[in-house]
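Here's the letter readout for the chains.
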Amino acid sequence: MAKYDVTALGELLIDFTYTGMSEQGNSLLEANPGGAPCNVLALLNKCGRSTNFIGKVGKDQFGYLLRDTLESLEIGTDGLCFDDEVNTTLAFVKTFENGDRDFAFYRNPGADMMLSEEEVDVSQIKDSRIFHFGTLSMTHEGVCRATEKAVKAAKDSGVLISFDPNLRIPLWKDLGTAKEKMEYGLSQCDVCKISEEEVEFLTGEKDIKKGAEILRAKFPVKLFQVTAGADGSYAFYKDLLVYKPSYILGGTIETTGAGDTFCGSILHGLLSRDIDNLSQEDLEEMLSFANAAAYLVTTKKGAIRSMPEMEDVQKILKEN
(Lines give C-alpha, C1' and ligand atoms only; values in the text may rest on other atoms or scores of the structure.)
Protein backbone atom coordinates (compact mmCIF):
# COMPACT_ATOMS: atom_id res chain seq x y z
CA MET A 1 0.00 0.00 0.00
CA ALA A 2 1.36 3.41 -1.01
CA LYS A 3 2.51 5.76 1.75
CA TYR A 4 1.02 8.81 -0.01
CA ASP A 5 -2.19 9.22 -1.95
CA VAL A 6 -0.71 12.16 -3.87
CA THR A 7 2.79 13.62 -4.16
CA ALA A 8 3.15 16.96 -5.95
CA LEU A 9 6.27 18.73 -7.19
CA GLY A 10 6.65 22.42 -7.95
CA GLU A 11 6.48 25.91 -6.56
CA LEU A 12 5.73 26.88 -2.97
CA LEU A 13 5.57 30.62 -2.45
CA ILE A 14 3.91 33.54 -0.74
CA ASP A 15 0.93 35.21 -2.44
CA PHE A 16 0.70 38.78 -1.21
CA THR A 17 -2.89 39.96 -1.60
CA TYR A 18 -4.11 43.51 -1.09
CA THR A 19 -6.39 43.94 1.91
CA GLY A 20 -7.10 47.67 1.88
CA MET A 21 -5.39 50.87 2.98
CA SER A 22 -3.69 51.91 6.18
CA GLU A 23 -4.50 55.11 8.07
CA GLN A 24 -1.49 56.65 6.31
CA GLY A 25 -2.92 55.73 2.91
CA ASN A 26 -0.53 52.86 2.22
CA SER A 27 -1.57 49.53 0.71
CA LEU A 28 -1.96 46.69 3.22
CA LEU A 29 -0.84 43.22 2.14
CA GLU A 30 -1.65 39.79 3.55
CA ALA A 31 0.98 37.04 3.21
CA ASN A 32 -0.93 33.98 2.00
CA PRO A 33 0.93 30.66 1.61
CA GLY A 34 0.44 29.51 -1.98
CA GLY A 35 1.77 27.77 -5.05
CA ALA A 36 -0.41 25.65 -7.30
CA PRO A 37 0.92 22.16 -6.42
CA CYS A 38 0.50 22.74 -2.69
CA ASN A 39 -2.93 24.29 -3.22
CA VAL A 40 -3.93 20.97 -4.79
CA LEU A 41 -2.49 19.07 -1.82
CA ALA A 42 -4.25 21.33 0.68
CA LEU A 43 -7.64 20.47 -0.83
CA LEU A 44 -6.78 16.77 -0.80
CA ASN A 45 -5.86 16.98 2.88
CA LYS A 46 -9.29 18.48 3.59
CA CYS A 47 -10.68 15.35 1.92
CA GLY A 48 -8.71 13.14 4.30
CA ARG A 49 -6.04 12.14 1.79
CA SER A 50 -2.35 11.67 2.61
CA THR A 51 -0.10 14.03 0.68
CA ASN A 52 3.56 14.90 0.16
CA PHE A 53 5.33 17.88 -1.39
CA ILE A 54 8.62 18.09 -3.29
CA GLY A 55 10.02 21.57 -3.82
CA LYS A 56 12.33 24.28 -2.56
CA VAL A 57 12.04 27.45 -0.48
CA GLY A 58 14.58 29.94 0.79
CA LYS A 59 16.22 29.76 4.17
CA ASP A 60 14.37 32.93 5.21
CA GLN A 61 11.33 33.96 7.21
CA PHE A 62 8.97 33.13 4.33
CA GLY A 63 10.52 29.71 3.75
CA TYR A 64 10.11 28.78 7.41
CA LEU A 65 6.54 30.16 7.37
CA LEU A 66 5.72 27.92 4.41
CA ARG A 67 7.29 24.86 6.04
CA ASP A 68 5.33 25.51 9.25
CA THR A 69 2.14 25.96 7.22
CA LEU A 70 2.54 22.61 5.48
CA GLU A 71 3.30 20.87 8.75
CA SER A 72 0.28 22.45 10.47
CA LEU A 73 -1.96 21.23 7.64
CA GLU A 74 -0.33 17.78 7.71
CA ILE A 75 1.01 18.05 4.16
CA GLY A 76 4.14 15.91 4.03
CA THR A 77 7.42 17.82 3.90
CA ASP A 78 9.73 14.87 3.23
CA GLY A 79 10.66 16.42 -0.12
CA LEU A 80 10.90 20.07 1.00
CA CYS A 81 14.39 21.55 0.55
CA PHE A 82 15.91 24.86 1.66
CA ASP A 83 18.23 27.02 -0.41
CA ASP A 84 21.06 28.76 1.45
CA GLU A 85 21.45 31.62 -1.01
CA VAL A 86 18.23 32.24 -2.98
CA ASN A 87 15.16 33.68 -1.29
CA THR A 88 11.65 32.25 -1.28
CA THR A 89 9.60 33.13 -4.34
CA LEU A 90 7.01 35.89 -3.84
CA ALA A 91 3.92 36.74 -5.89
CA PHE A 92 1.85 39.90 -5.61
CA VAL A 93 -1.76 39.36 -6.60
CA LYS A 94 -3.97 42.21 -7.78
CA THR A 95 -7.65 41.28 -7.82
CA PHE A 96 -10.17 42.99 -10.07
CA GLU A 97 -13.87 43.56 -9.38
CA ASN A 98 -14.91 40.44 -11.30
CA GLY A 99 -12.51 38.27 -9.24
CA ASP A 100 -9.87 37.88 -11.95
CA ARG A 101 -6.24 38.46 -11.02
CA ASP A 102 -2.97 39.91 -12.22
CA PHE A 103 0.33 38.50 -10.89
CA ALA A 104 3.68 40.17 -10.29
CA PHE A 105 6.40 37.65 -9.42
CA TYR A 106 9.64 38.17 -7.52
CA ARG A 107 11.45 35.16 -8.95
CA ASN A 108 14.65 36.15 -10.72
CA PRO A 109 15.73 33.83 -9.30
CA GLY A 110 13.39 32.38 -6.69
CA ALA A 111 14.15 29.39 -4.50
CA ASP A 112 11.57 27.15 -6.22
CA MET A 113 13.63 27.44 -9.43
CA MET A 114 16.70 26.04 -7.66
CA LEU A 115 15.44 22.49 -7.07
CA SER A 116 17.97 20.07 -8.58
CA GLU A 117 17.75 16.52 -9.88
CA GLU A 118 19.80 15.30 -6.93
CA GLU A 119 17.27 16.74 -4.48
CA VAL A 120 14.37 14.74 -5.91
CA ASP A 121 13.94 11.53 -3.92
CA VAL A 122 12.20 9.24 -6.39
CA SER A 123 11.25 6.80 -3.63
CA GLN A 124 8.66 9.36 -2.48
CA ILE A 125 7.11 9.36 -5.95
CA LYS A 126 7.18 5.59 -6.28
CA ASP A 127 5.43 5.35 -2.91
CA SER A 128 2.48 7.45 -4.14
CA ARG A 129 -0.75 6.60 -5.92
CA ILE A 130 -0.77 9.85 -7.93
CA PHE A 131 2.02 12.23 -8.93
CA HIS A 132 1.01 15.82 -9.79
CA PHE A 133 2.99 18.59 -11.48
CA GLY A 134 2.68 21.78 -13.56
CA THR A 135 4.82 23.96 -15.81
CA LEU A 136 6.21 26.48 -13.32
CA SER A 137 8.79 23.84 -12.42
CA MET A 138 9.88 23.76 -16.06
CA THR A 139 10.61 27.44 -16.69
CA HIS A 140 14.36 26.99 -16.09
CA GLU A 141 16.80 24.26 -17.05
CA GLY A 142 17.81 22.83 -13.66
CA VAL A 143 14.36 22.55 -12.12
CA CYS A 144 13.04 21.29 -15.46
CA ARG A 145 15.47 18.36 -15.29
CA ALA A 146 14.31 17.71 -11.72
CA THR A 147 10.70 17.67 -12.91
CA GLU A 148 11.45 15.33 -15.79
CA LYS A 149 13.28 12.97 -13.42
CA ALA A 150 10.20 12.88 -11.18
CA VAL A 151 7.83 12.31 -14.10
CA LYS A 152 9.99 9.44 -15.40
CA ALA A 153 10.03 7.83 -11.95
CA ALA A 154 6.24 8.03 -11.80
CA LYS A 155 5.91 6.62 -15.32
CA ASP A 156 8.33 3.77 -14.67
CA SER A 157 6.53 2.86 -11.44
CA GLY A 158 3.01 2.90 -12.88
CA VAL A 159 2.00 5.87 -10.72
CA LEU A 160 -0.97 7.83 -12.10
CA ILE A 161 0.29 11.16 -13.45
CA SER A 162 -1.70 14.39 -13.12
CA PHE A 163 -0.78 17.60 -14.96
CA ASP A 164 -2.00 21.20 -14.80
CA PRO A 165 -0.30 23.50 -17.35
CA ASN A 166 -0.95 26.54 -15.11
CA LEU A 167 0.45 28.97 -17.68
CA ARG A 168 1.90 32.15 -16.15
CA ILE A 169 3.12 34.12 -19.17
CA PRO A 170 5.38 36.60 -17.28
CA LEU A 171 7.56 33.72 -16.03
CA TRP A 172 8.58 32.51 -19.50
CA LYS A 173 11.42 34.00 -21.52
CA ASP A 174 9.58 32.98 -24.69
CA LEU A 175 6.15 31.49 -25.27
CA GLY A 176 7.49 28.90 -27.69
CA THR A 177 9.26 27.20 -24.79
CA ALA A 178 6.12 27.50 -22.68
CA LYS A 179 4.12 25.71 -25.35
CA GLU A 180 6.81 23.04 -25.68
CA LYS A 181 6.76 22.30 -21.94
CA MET A 182 2.96 22.26 -21.82
CA GLU A 183 2.97 19.72 -24.65
CA TYR A 184 5.56 17.65 -22.78
CA GLY A 185 3.23 17.53 -19.76
CA LEU A 186 0.31 16.50 -21.94
CA SER A 187 2.39 13.75 -23.52
CA GLN A 188 3.20 12.26 -20.10
CA CYS A 189 0.00 12.58 -18.04
CA ASP A 190 -3.00 10.35 -17.49
CA VAL A 191 -5.25 13.16 -16.27
CA CYS A 192 -5.08 16.83 -17.18
CA LYS A 193 -6.86 19.88 -15.82
CA ILE A 194 -6.54 22.79 -18.25
CA SER A 195 -8.23 26.19 -18.55
CA GLU A 196 -10.09 27.40 -21.63
CA GLU A 197 -7.42 30.11 -22.09
CA GLU A 198 -4.69 27.46 -22.10
CA VAL A 199 -6.61 25.39 -24.65
CA GLU A 200 -6.74 28.43 -26.91
CA PHE A 201 -3.04 29.15 -26.31
CA LEU A 202 -2.08 25.63 -27.42
CA THR A 203 -4.50 25.22 -30.32
CA GLY A 204 -5.57 28.70 -31.43
CA GLU A 205 -9.14 27.46 -31.03
CA LYS A 206 -11.61 29.54 -29.00
CA ASP A 207 -14.25 26.80 -29.05
CA ILE A 208 -13.58 24.61 -26.00
CA LYS A 209 -14.88 21.40 -27.54
CA LYS A 210 -12.94 21.82 -30.79
CA GLY A 211 -9.77 22.78 -28.94
CA ALA A 212 -10.09 19.86 -26.55
CA GLU A 213 -10.56 17.41 -29.40
CA ILE A 214 -7.43 18.75 -31.13
CA LEU A 215 -5.40 18.09 -27.97
CA ARG A 216 -7.00 14.72 -27.31
CA ALA A 217 -6.19 13.59 -30.85
CA LYS A 218 -2.54 14.51 -30.29
CA PHE A 219 -1.96 13.39 -26.71
CA PRO A 220 -2.98 10.12 -24.94
CA VAL A 221 -4.64 11.74 -21.91
CA LYS A 222 -7.20 9.43 -20.31
CA LEU A 223 -9.24 12.09 -18.50
CA PHE A 224 -9.16 15.61 -19.92
CA GLN A 225 -10.94 18.42 -18.07
CA VAL A 226 -11.38 22.02 -19.14
CA THR A 227 -12.33 24.74 -16.68
CA ALA A 228 -14.17 27.80 -18.00
CA GLY A 229 -14.43 29.94 -14.88
CA ALA A 230 -17.96 31.14 -14.22
CA ASP A 231 -19.17 29.21 -17.28
CA GLY A 232 -18.53 25.82 -15.68
CA SER A 233 -16.33 22.84 -16.50
CA TYR A 234 -16.07 19.99 -18.98
CA ALA A 235 -14.80 16.42 -18.76
CA PHE A 236 -13.71 14.54 -21.88
CA TYR A 237 -13.29 10.80 -21.36
CA LYS A 238 -13.27 8.10 -24.05
CA ASP A 239 -16.41 8.90 -26.06
CA LEU A 240 -18.07 10.82 -23.20
CA LEU A 241 -18.41 14.58 -22.85
CA VAL A 242 -19.86 15.87 -19.57
CA TYR A 243 -20.53 19.51 -18.75
CA LYS A 244 -21.46 20.97 -15.38
CA PRO A 245 -22.25 24.66 -14.73
CA SER A 246 -20.44 26.61 -12.03
CA TYR A 247 -22.06 27.39 -8.70
CA ILE A 248 -22.63 31.14 -8.73
CA LEU A 249 -24.00 31.79 -5.27
CA GLY A 250 -22.52 35.19 -4.46
CA GLY A 251 -19.75 36.18 -2.09
CA THR A 252 -16.83 35.71 -4.46
CA ILE A 253 -13.80 37.73 -3.32
CA GLU A 254 -11.04 36.44 -5.61
CA THR A 255 -10.36 33.42 -7.79
CA THR A 256 -6.88 32.55 -6.48
CA GLY A 257 -6.64 28.77 -6.07
CA ALA A 258 -9.98 27.98 -7.72
CA GLY A 259 -8.40 25.93 -10.50
CA ASP A 260 -6.14 24.13 -8.04
CA THR A 261 -9.11 23.37 -5.79
CA PHE A 262 -10.92 21.96 -8.81
CA CYS A 263 -7.88 19.86 -9.72
CA GLY A 264 -7.46 18.50 -6.20
CA SER A 265 -11.14 17.63 -6.08
CA ILE A 266 -10.89 15.61 -9.27
CA LEU A 267 -7.87 13.72 -7.92
CA HIS A 268 -9.84 13.01 -4.73
CA GLY A 269 -12.58 11.50 -6.88
CA LEU A 270 -10.12 9.42 -8.89
CA LEU A 271 -8.57 7.95 -5.74
CA SER A 272 -11.89 6.21 -5.11
CA ARG A 273 -12.42 5.14 -8.73
CA ASP A 274 -10.72 3.26 -11.57
CA ILE A 275 -9.58 5.77 -14.20
CA ASP A 276 -9.93 3.09 -16.88
CA ASN A 277 -13.59 2.44 -16.05
CA LEU A 278 -15.31 5.74 -15.34
CA SER A 279 -19.03 6.13 -16.01
CA GLN A 280 -20.96 9.26 -16.99
CA GLU A 281 -22.33 9.33 -13.45
CA ASP A 282 -18.77 9.25 -12.06
CA LEU A 283 -17.79 12.20 -14.23
CA GLU A 284 -20.90 14.18 -13.29
CA GLU A 285 -20.34 13.60 -9.58
CA MET A 286 -16.67 14.55 -9.81
CA LEU A 287 -17.33 17.75 -11.76
CA SER A 288 -20.13 18.83 -9.43
CA PHE A 289 -17.96 18.28 -6.37
CA ALA A 290 -15.02 20.09 -7.97
CA ASN A 291 -17.17 23.05 -9.05
CA ALA A 292 -18.66 23.39 -5.55
CA ALA A 293 -15.25 23.26 -3.86
CA ALA A 294 -13.80 25.73 -6.35
CA TYR A 295 -16.66 28.15 -5.70
CA LEU A 296 -16.12 28.01 -1.95
CA VAL A 297 -12.41 28.84 -2.18
CA THR A 298 -13.29 32.01 -4.11
CA THR A 299 -15.19 33.31 -1.09
CA LYS A 300 -11.94 33.64 0.88
CA LYS A 301 -8.54 35.20 0.27
CA GLY A 302 -5.56 33.02 -0.52
CA ALA A 303 -5.62 29.30 -1.18
CA ILE A 304 -3.65 26.90 1.02
CA ARG A 305 -5.33 28.06 4.24
CA SER A 306 -8.67 28.75 2.55
CA MET A 307 -9.64 25.28 1.35
CA PRO A 308 -13.29 24.39 2.03
CA GLU A 309 -14.50 21.93 4.62
CA MET A 310 -16.10 18.84 3.15
CA GLU A 311 -19.39 19.42 4.96
CA ASP A 312 -19.66 22.83 3.26
CA VAL A 313 -19.08 21.27 -0.16
CA GLN A 314 -21.72 18.62 0.53
CA LYS A 315 -24.15 21.28 1.70
CA ILE A 316 -23.87 23.08 -1.65
CA LEU A 317 -24.37 19.83 -3.54
CA LYS A 318 -27.49 18.97 -1.54
CA GLU A 319 -29.05 22.44 -1.74
CA ASN A 320 -28.36 22.99 -5.44
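Check the entry above for the structure.
Keep in mind the model is a prediction, meaning the values are calculated, not measured.

Undergrad: Looking at this structure, how should I read the packing of aromatic side chains?
TA: Each pair of aromatic rings is reported with the distance of its centres and the angle of its planes. One pass over the full model with this rule turns up 9 aromatic pairs. Between the aromatic rings of Phe-131 and Phe-133, the centroid separation amounts to 5.9 Å while the plane-to-plane angle is 15 degrees, which identifies the pairing as stacked. Of the residues examined, Phe-133 reaches a relative accessible area of 0% and is grouped as buried. Through a chain of ring-to-ring contacts, three or more aromatic side chains come together here, namely Phe-16, Phe-62, Phe-92 and Tyr-106.

Undergrad: How should empty space enclosed by the protein be read in this particular structure?
TA: A water-sized probe, rolled over the atoms, reveals where empty space remains. Scanning all chains against the criterion turns up 1 cavity of 30 Å³ or more. Roughly 40 Å³ of internal volume is contained in the largest cavity. Considering the residues around the largest cavity, the lining is formed by Glu-11, Ala-36, Pro-37, Val-40, His-132, Phe-133, Gly-134, Thr-135, Leu-136, Asp-164, Asn-166 and Asp-260. If you list the elements that add at least two residues to the lining of the largest cavity, you get α1 (36-46) and β8 (128-134).

Undergrad: I would appreciate a short explanation of the nonpolar core in the present structure.
TA: Soluble globular proteins tend to pack their nonpolar side chains together in the buried interior. Residues Leu-12, Leu-41, Phe-53, Leu-223, Ile-266, Leu-267 and Leu-270 are the most contacted members of the largest nonpolar core, which totals 54 residues. Residue contributions to this core peak at 11 residues, all from helix α9 (residues 280-297). For Leu-270, the residues in contact, after removing those within four places along its chain, are Leu-160, Val-191, Leu-223, Ile-275, Leu-278 and Met-286. Ranked by size, the runner-up nonpolar core spans 40 residues in total, among them Val-120, Ile-125, Leu-167 and Cys-189.

Undergrad: What's the story with the packing of helix α6 (residues 196-203) against helix α7 (residues 208-218) in this structure? I'm lost.
TA: Where α6 meets α7, the axes come as close as 9 Å, and the angle between the chain directions of the two elements is 60 degrees. When the interaxial angle is binned, α6 and α7 end up oblique. Between α6 and α7 lies a crossing whose hand is left-handed. Along its contact with α6, which presents Glu-196, Val-199, Leu-202 and Thr-203, the element α7 presents Ile-208, Gly-211, Ala-212, Ile-214 and Leu-215. Across the contact of α6 with α7, the residue classes tally to 6 nonpolar, 2 polar and 1 charged.

Undergrad: Hey, could you run me through the environment of Ile-208 in this one?
TA: Relative to the elements of secondary structure, Ile-208 occurs in helix α7. Through-space distance from the C-alpha of Ile-208 to that of Ser-195 is 9.3 Å; in sequence the pair is 13 residues apart. Setting aside residues up to four positions removed in sequence, Ile-208 forms contacts with Glu-196, Val-226, Ala-228, Tyr-234 and Phe-236.

Undergrad: Mind showing me how you'd approach the pattern of salt bridges here?
TA: Side chains bearing opposite charge may pair, as long as their charged atoms lie close to each other. If you walk through the whole model with that rule in mind, you get 19 salt bridges. As a salt-bridge pair, Lys-181 and Glu-180 come within 3.8 Å of each other at their nearest N and O atoms. Of the residues examined, Glu-180 reaches a relative accessible area of 46% and is grouped as partly exposed. The shortest N-O distance in the salt bridge between Asp-276 and Lys-222 comes to 3.0 Å. In this pair, Asp-276 sits in the loop between α8 (258-271) and α9 while Lys-222 sits in the loop between α7 and β11 (223-227), placing the two residues 54 residues apart along the sequence. Judged by its relative accessible area of 32%, Lys-222 is partly exposed. The structure contains a network of salt bridges with shared partners spanning Lys-56, Asp-83 and Glu-119.

Calculation criteria
Residues numbered from 1 in each chain as written. Predicted model: local features only at pLDDT ≥ 70, side-chain atom pairs only at ≥ 80, totals over all residues. Heavy atoms only, no water. Phe/Tyr/Trp six-rings, centres within 6.5 Å; stacked < 30°, edge-to-face > 60°. Buried < 20%, exposed > 50% of the residue type's maximum accessible area, 1.4 Å probe, protein only. 1 Å grid on protein atoms, 1.4 Å probe; cavity = no way out; pocket = protein on both sides within 12 Å on 5 of 7 lines; lining within 4 Å. Points joined across faces, edges and corners; volume = space filled by probe spheres on them. Helix = DSSP H or I, 4+ residues; strand = E, 2+ residues; numbered from the N terminus. Core = buried A, V, L, I, M, F, W, Y, C linked by side-chain atoms within 4.5 Å. Contact = heavy atoms within 4.5 Å. Axes fitted to C-alpha atoms, helices over the stretch in contact; angles between N-to-C directions. Parallel < 35°, antiparallel > 145°, perpendicular 65-115°, else oblique. Left-handed = near helix turned anticlockwise from the far one by under 90°. Nonpolar A, V, L, I, M, F, W, Y, C, P; charged D, E, K, R; others polar. Salt bridge = Lys/Arg side-chain N within 4 Å of Asp/Glu carboxyl O.

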